Amino acid sequence: MSTLIRTGISLDRELLLRFDRIIRKKGYKNRSEAIRDLVRDYAVGEDVEEDRTVVGALTLVYDHHRPKLSEQLLEVQHHAHAMVLAATHVHLDHHNCLEVVLMKGRSSQVRHIADQILTLRGVKHGKLVLTTEGKGLR
Ligand code: NI
């Protein structure tokens, strides 16, 4: 059970007005919830920087006709079997495939696998999103 603590912050008026505008657009009901999310984002950023366990979603689009690419993609994932939780494949059209690879491990390891995949010839675009496994975040 965690304790809720109230705190006050001093902020430039213009900056606060801008913050309020942004969070209203995003749909926050109040500043507290928006600030809590910012703090959580900082915490996840620290987890990544400190090489803690994170979960990652790598999304990539690749050329289906590039020789050997499908085998290479599988090879990298098999090699990292302990960290690859799941992978989803979608045939976008005759030439392009979309794949989402879900991983869990130390941030440096997850990034390394993502880099190995994203630098393969025939991968057109991709992004890795790192987030928390949820423990320790309220
Ligand atoms: Ni495909």
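As a reminder, the structure under discussion sits directly above these lines.
The present account deals with the structure reproduced in this document. The shown structure was predicted, so the numbers you read here are calculated from the model rather than taken from an experiment.

Another aspect to go through is the coordination of the nickel ion. Around the nickel ion, the protein supplies His 89 (NE2), His 91 (ND1) and Cys 97 (SG) as donor atoms, at distances of 2.0 to 2.2 Å. Read in sequence order, the donor residues for the nickel ion give the motif H-x1-H-x5-C. With relative accessibility at 33%, the residue His 89 sits in the partly exposed group.

In this section: the environment of Glu 99. Along the chain, the position of Glu 99 falls in strand β3 (residues 96–106). When the C-alpha positions of Glu 99 and Thr 88 are compared, they lie 5.5 Å apart, and in sequence the two are 11 residues distant. If near-sequence neighbours (up to four positions away) are discounted, Glu 99 is found in contact with Leu 58, Thr 59, Leu 60, Tyr 62, Gln 77, Thr 88 and His 89. At 3.1 Å, the side chain of Glu 99 and the side chain of Gln 77 are in polar contact. A distance of 2.9 Å separates polar atoms of two side chains, one belonging to Glu 99 and the other to His 89.

Where helix α3 (residues 69–79) meets helix α4 (residues 107–118), the axes come as close as 10 Å, and the angle between the chain directions of the two elements is 170°. Considered as vectors, α3 and α4 are oriented roughly antiparallel to each other. In this structure, α3 uses Leu 73, Val 76 and Gln 77 to contact α4, whose residues at the interface are Ile 113, Gln 116 and Ile 117. When the residues that make up the contact of α3 with α4 are grouped by side-chain class, the tally is four nonpolar, two polar and no charged.

With that out of the way, let us pick up the pairing of strand β1 (residues 53–63). Pairing of β1 with β3, which is carried by 11 bridges, proceeds in the antiparallel orientation. Looking across to β3, one finds that Tyr 62 is bridged to Cys 97. Taken together, the nine bridges between β1 and strand β4 (residues 123–132) define a ladder with antiparallel strand orientation. Opposite Thr 59, over in β4, you have Lys 127 as the bridge partner.

Cut-off values and rules
Residues numbered from 1 in each chain as written. Predicted model: local features only at pLDDT ≥ 70, side-chain atom pairs only at ≥ 80, totals over all residues. Heavy atoms only, no water. Donors = N, O, S within 2.8 Å, 3.2 Å for Na, K, Ca; no water. Buried < 20%, exposed > 50% of the residue type's maximum accessible area, 1.4 Å probe, protein only. Helix = DSSP H or I, 4+ residues; strand = E, 2+ residues; numbered from the N terminus. Contact = heavy atoms within 4.5 Å. Polar contact = N/O pair within 3.5 Å; in protein donor to acceptor, adjacent residues only side chain to side chain. Axes fitted to C-alpha atoms, helices over the stretch in contact; angles between N-to-C directions. Parallel < 35°, antiparallel > 145°, perpendicular 65-115°, else oblique. Nonpolar A, V, L, I, M, F, W, Y, C, P; charged D, E, K, R; others polar. Pairing = 2+ DSSP bridges.

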